[in-house]
Amino acid sequence: MTLKERVEADIKQAMLAKDKPRLQALRSIKSLILLAETEKGGGEGLTQGTELKLLTKAAKQRRESAEVYAQQNRADLEQIELGELAVIEEYLPKQLDEGDLRIRLVEIIQRLGATGPSDLGRVMGVASKELAGQADGRAISAAVGALLNNTDF
């Protein structure tokens, strides 16, 4: 089942359950998918990689918006964003915890033969591709920087 089909089925369930916040989040996901399909030129659906990028970008936007609303003491808007983020995360792969992320990054660093901070760009390029959707880019960057600055990994 494609992402679009899953979202459409979940929209129907949310409508039957009269779950307006969930319905709003699902409709925003469907809107992203439809926009991406029309940009691509229609025809066939989106690839899983493209779907993952769309969802990751949407989750990042919701996270950042929630942070801004929290700084501005707008708890009402922050809760809306966090609710939509929770729905979007249902469709994303399970996120790596800090320990698993470190293990995966150490494997990548050893495989590439990286020895210090000068190899940051090379490691980030590979890590970003391999861990796409499984960890936030900022978390990957921070962990790679820490590992390469501390060479006893």
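A brief structural summary. Here the structure is a predicted model, which means the values were calculated and not measured.

On to the environment of glycine 83. Locating glycine 83 in the fold gives a position in helix H4 (residues 75-89). When its relative accessible area of 34% is taken as the criterion, glycine 83 is described as partly exposed. Separated by 61 residues in the primary sequence, glycine 83 and arginine 22 place their C-alpha atoms 7.6 Å from one another.

Turning to helix H3 (residues 48-71), a few remarks are in order. Given 3.6 residues per turn, any residue in an α-helix points the same way as the ones three and four places further on. With 24 residues, H3 should cover 34 Å at 1.5 Å per step; its first-to-last C-alpha distance of 35 Å lies within 8% of that length. Looking only at H3, the buried set comprises Glu51, Leu54, Leu55, Ala58, Ala59, Arg62 and Ala66. With its phi angle positive at about 55 degrees, asparagine 73 sits one or two positions after the end of H3.

Next up on the list: the nonpolar core. Val7, Leu26, Ile29, Leu55, Ile88 and Tyr91 are the most contacted members of the largest nonpolar core, which totals 20 residues. Mapped onto this core, the elements with two or more residues apiece are helix H1 (3-17), helix H2 (20-40), H3 and H4. Of all the elements, H2 adds the most residues to this core, at six residues. Excluding residues that lie within four positions of it along the chain, valine 7 makes contacts with Leu26, Ile29, Lys30, Ile33 and Tyr91. With 16 residues, the next largest nonpolar core counts Val123, Met124, Ala143 and Val144 among its residues.

Cut-offs applied
- Residues numbered from 1 in each chain as written.
- Predicted model: local features only at pLDDT ≥ 70, side-chain atom pairs only at ≥ 80, totals over all residues.
- Heavy atoms only, no water.
- Helix = DSSP H or I, 4+ residues; strand = E, 2+ residues; numbered from the N terminus.
- Buried < 20%, exposed > 50% of the residue type's maximum accessible area, 1.4 Å probe, protein only.
- Expected span 1.5 Å × (residues − 1).
- Core = buried A, V, L, I, M, F, W, Y, C linked by side-chain atoms within 4.5 Å.
- Contact = heavy atoms within 4.5 Å.

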